[in-house]
Amino acid sequence: MKVMVMIKPMDLIRVRNVNKQYKNGVTAIYDLSLNIKKGSFVFVIGGSGSGKSTFIKMLYREEKPTSGEIIVGGINVAKLRNAKVYKLRRKLGIVFQDYRLLPKQTVYENVAFAMEVLGSPKQETRRKVLKALELVGLKGKIHNYPDQLSGGEQQRVAIARAIVNEPKILLCDEPTGNLDPERSIEIVKVLDEINKTCGTTIIMATHDKDIVNTMQKEIILLKDGRLIKHAEKGGYEE
Amino acid sequence: MKFLRLLKRSIREAFKSVFRNFSLSLASISCITITLIIVAASIIITFNLQNFTSEMEKDLTIVVFLDNNINEEEIDTLMTELRDMSNVESLTYQSKASIKEEMRKESEVFDEVMSTWSDEDNPLKDTFQIKVKDVEKISDTAESIEKMEEVSSVKYGEGMVDNLLLAFESIQKISYGVVIALVLVTVFLIINTIKLTIFSRKREISIMRLVGASNFMIKTPFIVEGMVLGMFGSIIPILIICFGYVALYDHTNGYLYSQMITLIEPEPFIYMISGIILVIGIIVGMVGSASAVRKYLKI
């Protein structure tokens, strides 16, 4: 199926008139339209129930929009069939609040898992896993198990796993939600580093005002499912 | 290359997973083991019964008693007539004189009584012993032989044979039914146990989906795991067959109760049964895990 939409080469993500209503009748997103450029670092901010999580979920096709159009890296996400979702996911890296690591596998195995399941050769896996772990500053702990690490370290393993396949986009859904302010800023610095060195587009949903104010990045402010503000640079103010 | 790497990974992961989730795997394996033991027993009984039936059928003969006043010429014509019948496999002629001799050899009482008989007043009859091709038509054949002029009577163990054949047929049908039912039950047990295995690895599956593994990549390790479980589950039943059946055969010298019921020789019989059990185990594991995975992944 050809997608007959003109996309400016710089727009990696294009969202047009998207509405999302859950089956229980709750409407999470109202008429959302926005573009995100390649290589940008975007904070999606808003309080609980603002729709930021739904927005992120629609980008990786965990949820389908009720109406409207979402194009991610040239793929029409709204029309993507279940069996083809993997094609979208290979362009994305995803990080969650609860890390989602495999407890019975070491740090190295956790990151390598993301490559092995796609059938990467051993040498290439090893090289890229070590590179990713170096980038997040965990090269010294590759043989540890997740429960031997602090929360911040576990999240950095999750980030390494998300970037090991060199995705174009890194989606982060409240990655610092379980961490104290100090660890939180460390995580965001790691993300910033990835954004700068690899050119990965980063979209991070958060409700942490301090982080947003400190970083002064592009912001998308949602409130009750509506877009309130989309600015190139800014802090968290409602 | 990529396909081979994925296949290699699937097999490695399957074995790893069997040992990592050992208690769950053990549950599946025990299920398969117990069922396969019963399936193996049913198959052994069915095969032996079949063997016994066909052995017995081979021994079945129609005995044709001829009229006393028959001459040799008539015997010859009758012989060709009988030979031409469609269901007759082979026949042997035994004169009353040779029957007398045989009986005299068998017991002293007969010997004493029969010693006085001359050929003239020998009350025994000349007989044909006929083997038939199809045992199920034995009564029809016997009936048409009885209608022949020179024949005085025909015996083939009428009621007994018919009843025995009927009984065996139903026993065979029942054991086929039992085997099929047990295989189905095992499939359902495996669907459930592998569903549990998959459930305990829910996180792994969700991560695989997140990093962009296709359905095929996600499914294969679990299906291979089901096959590995089936393979492990068939080990004990195969050992039981190999040692148990040989021991039974040696202990009974190959006969059950009487000379009449012979057991099938252990070699190559046990290898065949082991092969069947292994294949059933693997297929059952595969079918069970495939349907469990399909259900869980909602493909």
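Because the structure is a prediction, the values reported are computed rather than measured.

Conventions we followed
Residues numbered from 1 in each chain as written. Chains lettered and ligands numbered in written order. Predicted model: local features only at pLDDT ≥ 70, side-chain atom pairs only at ≥ 80, totals over all residues. Heavy atoms only, no water. Buried < 20%, exposed > 50% of the residue type's maximum accessible area, 1.4 Å probe, protein only. Helix = DSSP H or I, 4+ residues; strand = E, 2+ residues; numbered from the N terminus. Pairing = 2+ DSSP bridges. Axes fitted to C-alpha atoms, helices over the stretch in contact; angles between N-to-C directions. Parallel < 35°, antiparallel > 145°, perpendicular 65-115°, else oblique. Left-handed = near helix turned anticlockwise from the far one by under 90°. Contact = heavy atoms within 4.5 Å. Phe/Tyr/Trp six-rings, centres within 6.5 Å; stacked < 30°, edge-to-face > 60°. Lys NZ or Arg CZ within 6 Å of the ring centre and 35° of its normal. Lys, Arg positive; Asp, Glu negative; His and termini not counted. Salt bridge = Lys/Arg side-chain N within 4 Å of Asp/Glu carboxyl O. Polar contact = N/O pair within 3.5 Å; in protein donor to acceptor, adjacent residues only side chain to side chain. Core = buried A, V, L, I, M, F, W, Y, C linked by side-chain atoms within 4.5 Å.

Asker: I would appreciate a short explanation of the pairing of strand 9 (residues 217–223) of chain A in the present structure.
Answerer: Within a regular strand, side chains alternate between the sheet's two faces. Residue and element names in this part refer to chain A. Across the seven residues that make up strand 9, a large majority, six, are buried. Pairing analysis gives four bridges linking strand 3 (residues 41–45) to strand 9, with the strands arranged parallel. Counterpart to V44 in the pairing with strand 9 is I220. Strand direction decides the pairing type here: strand 9 and strand 10 (residues 226–234), joined by six bridges, are antiparallel. In the strand pairing of strand 10, K223 is matched with R226. Counting the residues in the hairpin turn of strand 9 and strand 10 gives two residues, including D224, whose phi is positive at 50°.

Asker: Please explain the packing of helix 1 (residues 2–20) of chain B against helix 9 (residues 215–233) of chain B as it appears in this structure.
Answerer: Residues and elements named next belong to chain B. Contact pair helix 1 / helix 9: the axes reach a minimum separation of 8 Å and the direction vectors enclose 50°. When the axis of helix 1 is compared with that of helix 9, the two are oblique. Crossing hand, helix 1 versus helix 9: right-handed. Residues K2, F3, L6, R9, S10, I11, A14, F15, S17, V18 and F19 of helix 1 form the contact with helix 9, whose participating residues are F216, M217, T220, P221, V224, E225, V228, L229, M231 and F232.

Asker: Would you mind showing me how to read the packing of aromatic side chains here?
Answerer: The geometry of two aromatic rings is summed up by the distance between their centres and the angle between their planes. Per the stated rule, a full pass over the model turns up nine aromatic pairs over all chains. Taking the centre distance of 5.2 Å and the plane angle of 55° together, the rings of A:F41 and A:F43 count as tilted. Overall, the relative accessible area of 4% leaves A:F41 in the buried class. For the pair B:F47 and B:F269, a centre-to-centre distance of 5.8 Å together with 55° between the ring planes defines the contact as tilted. Highlighted residues: B:F47 in helix 2 (residues 22–59) and B:F269 in helix 11 (residues 266–297), separated in sequence by 222 residues. For B:F269, a relative accessible area of 5% translates into the label buried. Taken together, the ring pairs connect B:F15, B:F19, B:F22 and B:F232 into an aromatic cluster. Over the ring of A:F96 we find A:R100, and its NZ or CZ is 3.7 Å from the ring centre. If you follow A:R226 out to its NZ or CZ, it ends over the ring of A:Y30, 4.0 Å from the centre.

Asker: Help me out: how do you make sense of the side chain of A:R61 in this one?
Answerer: Residue and element names in this part refer to chain A. Inspection of the secondary structure puts R61 in the loop between helix 1 (52–59) and strand 4 (67–72). Buried and unpaired, R61 has no salt bridge, with E62 as the nearest side chain of opposite charge at 7.6 Å. Within the local environment of R61, its side chain forms a polar contact with the backbone oxygen of L80, the two atoms lying 2.7 Å apart.

Asker: Would you explain the nonpolar core in this entry?
Answerer: Burial of nonpolar side chains together is a common tendency in soluble globular proteins. If you look at the biggest cluster of nonpolar residues, it comprises 91 residues, and the most contacted ones within it are A:F43, A:V129, A:L133, A:I159, A:L170, A:L191 and B:I277. With eight residues, helix 11 of chain B is the single largest residue contributor to this core. Ignoring anything within four residues of it in the chain, the contact list for B:I277 reads B:L36, B:V39, B:A40, B:I43, B:S234, B:P237, B:I238 and B:I241. If you look at the next biggest cluster of nonpolar residues, it comprises 33 residues, including A:I29, A:M58, A:L80 and A:F96.

Asker: Please explain unusual backbone geometry as it appears in this structure.
Answerer: With the exception of glycine, the majority of residues adopt a negative phi angle, and the majority of peptide bonds are in the trans configuration. Between B:E267 and the following residue, B:P268, the backbone shows a cis peptide bond with an omega angle of 5°. Tracing the backbone through its elements, the reader meets B:P268 in helix 11. Unusually for a residue other than glycine, A:D31 sits at a positive phi of about 35°. Residue placement: A:D31 occurs in strand 2 (residues 27–37).

Asker: Explain the sheet that holds strand 5 (residues 75–76) of chain A to me, please; I cannot follow it from the model alone.
Answerer: Hydrogen bonds between backbone atoms are what pair the strands of a sheet, whose relative direction is either parallel or antiparallel. All names here are of chain A. Strand order in this open sheet of four strands is 2-1-4-5, and the pairing throughout is antiparallel. Across the chains shown, the open sheet's two edge strands, defined by having one partner strand only, are strand 2 and strand 5. Sheet strands in contact with helix 1 are strand 1 (11–21), strand 2 and strand 4, and its direction is about 60° off that of strand 2.

No statement about biological role is implied by the geometric values presented.
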